[in-house]
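The chain contents come next:
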Amino acid sequence: MQDEVDRLVEAWHNERPDLDVQPLHVLSRVSRLARHLDRARRAVFVAHDLEPWEFDVLTALRRAGSPYQLSPGQLLRATLVTSGTMTNRIDRLAAAGLVERHPDPQDKRGVQVRLTYAGQTRVDAAFADLLRREHDILNGLSPAERETLTGLLRTLLIPFDTNET
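Residues numbered from 1 in each chain as written. Predicted model: local features only at pLDDT ≥ 70, side-chain atom pairs only at ≥ 80, totals over all residues. Heavy atoms only, no water.

Looking up the chain in an unreviewed UniProt entry gives the name MarR family transcriptional regulator, with the organism given as Actinomadura barringtoniae.

Quick look at the structure:
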């Protein structure tokens, strides 16, 4: 059984036999899978009236645990955006009633961004739907295969994650 990547690799091998195209076997599949995953995620977000960036901020707050709040700086680190971008995102989420700003009791000049009940309800429903979709994507793998794939992908990602911190 062949997939699109097998055909792509074969074509490149025929056109450029002087190059080792073996990385395409793995990385082109990862890239194609990422595109399919992105489509599935966007469909979930649309169904819950969320943008991907909104989901990122809301899930960062939700993962923080009760009372589901973080400082803007903590949100910056969790979502990897600039402070200007984060300020705009917090403003938009607050206007939509999904988060609230509260004074930081530890820093009189600071604020804490807190998930509202509406924000928690929306992100919880979206996350549950997302997990259902992602389970469907992985359905073709046995639990052992999933564990093996998890370990292999972790090995590939660790150097990138280590360099980002």
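What follows deals with the UniProt feature "domain: HTH marR-type" (unreviewed entry) in the chain. Those residues carrying the UniProt feature "domain: HTH marR-type" (unreviewed entry) are residues 23–158 in this numbering. Each end of residues 23–158 is marked by a C-alpha atom, and these two atoms are 18 Å apart; helix forms 71% of the span and strand 12%. (UniProt positions renumbered as here; feature names shortened; annotations may be inferred. Helix = DSSP H or I, 4+ residues; strand = E, 2+ residues; numbered from the N terminus.)

The next subject is the nonpolar core. Counting residues in each nonpolar core, the largest one holds 22 residues, and the members touching the most others are L50, F55, L58, L61, L75 and L93. Listed by contribution, the elements that provide at least two residues to this core are α2 (22–47), α3 (52–63), α5 (83–95), β3 (107–115) and α6 (117–138). Here this core gets 6 residues from one element, more than from any other, and that element is α3. Discounting residues that sit within four places of it in the chain, L50 has contacts with F45, F55, L58, L98, R122 and A126. (Core = buried A, V, L, I, M, F, W, Y, C linked by side-chain atoms within 4.5 Å. Buried < 20%, exposed > 50% of the residue type's maximum accessible area, 1.4 Å probe, protein only. Contact = heavy atoms within 4.5 Å.)

Below, the discussion takes up unusual backbone geometry. Looking along the chain, the bond that leaves S66 and enters P67 is cis, with omega of 15°. Along the polypeptide, P67 turns up in the loop between α3 and β1 (69–70). Backbone geometry at Y68 places phi at a positive 60°, although glycine is not the residue there. Among the structural elements, Y68 can be located in the loop between α3 and β1. You will see that L80, though not glycine, has its phi angle at about 55°, which is positive. Examined against the element boundaries, L80 turns out to sit in the loop between α4 (72–79) and α5. Owing to a relative accessible area of 64%, L80 belongs among the exposed residues under this scheme.

This model, assessed by the stated rule, comprises 10 salt bridges. Salt-bridge contacts for R41 lead to E134; the nearest nitrogen and oxygen are separated by 2.8 Å. With a gap of 93 residues between them, R41 in helix α2 and E134 in helix α6 connect regions that are remote in the sequence. A relative accessible area of 33% means that R41 is categorised as partly exposed. Accessibility expressed as a relative area gives 19% for E134, which makes it buried. When salt bridges with common partners are traced through the structure, they connect D3, D6 and R29 into a single cluster. (Salt bridge = Lys/Arg side-chain N within 4 Å of Asp/Glu carboxyl O.)

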